[in-house]
Amino acid sequence: MESIKDRVAIIGMGCTQFGELWEKSDEDLVVEACHEAFKDAGIEPKEVQAGWYGTTLTGFTGMRLAQAIKLEYVPITRVENLCCTATDALRNACYAVAAGIYDIVLACGVEKQKDSGYAGVTLTTTGPDDSSKTEIMLAVPVLFALSANRYFHRYGITPEEGKLTMAKIAVKNHHNGTLSPKAHFRREVSIEGVLNAPMVAYPLGLYDCCGLSDGAAAAIITRPEIAKTLRDDYVLVKGLGLTCGARQGVLQDNYDLTHFEETVTAARMAYNEAGIKNPRNEVDLAIVHDCFSITEMIIYEDLGFSPRGKAKEDVDKGTFTLQGELPVNTDGGLKCFGHPIGASGLRMIYEVYKQLQDKAGPRQTRNAGIGLTHNLGGAPGSFTCAVSILGRRG
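These lines cover the structure that appears in this document, whether it is placed above or below. (Residues numbered from 1 in each chain as written. Predicted model: local features only at pLDDT ≥ 70, side-chain atom pairs only at ≥ 80, totals over all residues. Heavy atoms only, no water.)

**Section: the overall build of the protein chain**
The test is simple: Only DSSP runs of H or I reaching four residues or more are called helices, and only runs of E reaching two or more are called strands; each is numbered from the N terminus. Both definitions apply: the radius of gyration is a C-alpha atom measure, and the globule rule equals 2.2 Å times residues to the power 0.38. When a residue's accessible area, from a 1.4 Å probe over protein chains only, is under 20% of the maximum for its type it is buried; when over 50% it is exposed; and in between it is partly exposed. Residue contacts are defined here by distance: any two heavy atoms, one from each residue, within 4.5 Å place the two residues in contact. What sets the accessible areas is the Shrake-Rupley method with a 1.4 Å probe; for residues, cover comes only from the shown protein chains. Charge assignment: positive for Lys and Arg, negative for Asp and Glu; neither His nor the chain ends contribute. Each charge is placed at NZ for Lys, CZ for Arg, CG for Asp and CD for Glu.
Within the protein chain, the secondary structure is distributed over 13 helices and 11 strands. Relative to the 2.2 N^0.38 estimate, which gives 21 Å for 394 residues, the radius of gyration of the protein chain is 20 Å and therefore close to what a compact globule would have. Summarising its shape, the C-alpha atoms of the protein chain cover approximately 60 × 50 × 40 Å along the three principal directions. In the protein chain, buried positions account for 59% of the 394 residues. Sequence-distant contacts in the protein chain: of pairs separated by 6 or more residues, those separated by 24 or more amount to 78%. Summing over all exposed atoms, the protein chain offers an accessible surface of approximately 15600 Å²; the carbon and sulfur share of this is 52%. In the protein chain, 40 side chains carry a positive charge and 48 a negative one; their mean positions are 3 Å apart.

Below is the structure:
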């Protein structure tokens, strides 16, 4: 099987402000993100030969992208893959360019989540409208709370120690969010404030859970030989991985809840393509799916950044802070941007793109050469997971 490594390049990206954007439509957000990407790439919209439009709840046809930025008679594919939607849009765009079908393409993800009418996301909001309606509606925090409690039990961590570790993750991400002008939430939080926040689903408190937001992000993709003619600091795609669980964990009495196999397998795909053998040492920064603090903690281990059961030790040492050995969620993550489902993946890639160009401002990491993004959609027992690995021009 061939690898995508160094066969496609990102030459432009755009990202809107994320937040409660009541005054803007989804088309407004698409226009803003795409035109920032066009300007960044130094191209005109008419040069785009195909598009991939990622959205979960906001529109159901590629025409939404066409009419927003007036791409007349261009093939546009609408992509939906839960929380991996935007990364999957980029993935499909990359494969089309690598196959030699197109020279310059657009991937865009958008969601007007705050207009959905839901206060949160349940496992039925993404199901078919004509379902039997007999499925159990479980709030997603409840399911991740099971993982938290099981993780603490398995590795001999007291509930108090576990909550303190999760609080440190939340404090880290909120600090990084204060340095991100496009983040929804830009306030510091304290350990004491996190620990004393209202409980959502024990042991997950308010600041252990990400919010919902509106937002959009976009990327322009081409071949490296074309990228060289347009700019010097283009970013190369090194590896892509995507896996979908078959929901067997929901049926298994012995499902362990303390690791997510979809992350492990998607990461393995991406690492193999990128030629990464030791992710702890070879990845310089990562933007991961911190829908809940416990999720980020488990992801550290699933991505190979921490040994099994040792994430707490790395959190205590500050390994994943901006000044640490391997900064994670340098922009504040889902905790600070919120989670417009169809846009989050490209928002993550936008942060890595800026970091690799040394354009991340006060949150710039040291010697960023390889960056990783990670999306996780679903709940313990059945996920879809996407991992991308990006690198500087060689």
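Back to the write-up after that little detour.
**Here we look at the sheet that holds strand β2 (residues 50–54)**
Note the threshold: Two strands make a pair as long as DSSP finds a minimum of two bridges between them. Note on method: axes are straight lines fitted to C-alpha atoms, helices fitted across the in-contact stretch only, with angles between N-to-C directions ranging 0 to 180 degrees.
Within the open sheet, the nine strands sit side by side as β3-β2-β4-β7-β1-β8-β11-β10-β9. Their pairing is mixed. In the strand order of this sheet, the two ends are held by β3 (76–79) and β9 (285–287), each with one partner. Averaged over neighbouring strand pairs, the angle between their axes works out to 25 degrees when direction is ignored. Two elements, strand β4 (residues 104–112) and strand β7 (residues 214–222), share nine bridges in a ladder whose sense is antiparallel. Bridged to Val105 within β7 is Ile221.

**A few points about the layout of surface pockets**
Spelled out, the test is: In this analysis a 1.4 Å probe is tested at points of a 1 Å grid over the protein atoms alone, and where it fits but cannot get out there is a cavity; an open set with protein on both sides within 12 Å along at least five of seven lines is a pocket; lining residues have an atom within 4 Å of a point. Grid points are joined across faces, edges and corners, and a volume is the space filled by probe spheres set on the points.
Roughly 190 Å³ of internal volume is contained in the second largest pocket. Lining the second largest pocket are 16 residues; nearest its centre among them are Lys168, Val171, Lys172, Gly318 and Thr321. The set of elements that each furnish at least two residues to the lining of the second largest pocket consists of α5 (159–178) and α11 (311–317). With six residues, α5 is the largest single contributor of residues to the lining of the second largest pocket.

**A look at the packing of aromatic side chains**
Put simply, the test is: Stacked, tilted and edge-to-face are the three classes assigned to paired rings of Phe, Tyr and Trp, where Trp is represented by its six-membered ring and a pair needs centres within 6.5 Å; plane angles under 30 degrees give stacked, over 60 edge-to-face, the rest tilted. Any Lys NZ or Arg CZ found within 6 Å of a ring centre and within 35 degrees of that ring's normal is scored as a charge over the ring.
Within the structure shown, the criterion is met by eight aromatic pairs. Between Phe260 and Phe383 the ring centres are 4.8 Å apart and the planes differ by 55 degrees, which places this aromatic pair in the tilted class. Taken together, the residues span a long stretch of sequence, with Phe260 in the loop between β8 (235–244) and α8 (261–274) and Phe383 in strand β11 (residues 382–392) at a distance of 123 residues. Here the two residues Phe260 and Phe383 agree in accessibility, since each one is buried. Grouped by ring-pair contacts, the aromatic residues Phe144, Phe260, Phe292 and Phe383 constitute a single cluster. Note that Arg347 overlies the ring of Phe337, its terminal NZ or CZ placed 4.7 Å from the centroid.

**Things to note about helix α4 (residues 140–154)**
Let me state the cut-off plainly: By definition here, a helix of n residues has an expected span of 1.5 Å times n minus one.
Taking 1.5 Å of rise per residue, 15 residues should cover 21 Å, and α4 covers 22 Å from first to last C-alpha, within 8% of that figure. Those residues of α4 lying buried are Val140, Pro141, Leu143, Phe144, Ala145, Ser147, Ala148, Tyr151 and Phe152. Gly156, located one to two residues past α4, shows a positive phi value of around 65 degrees.

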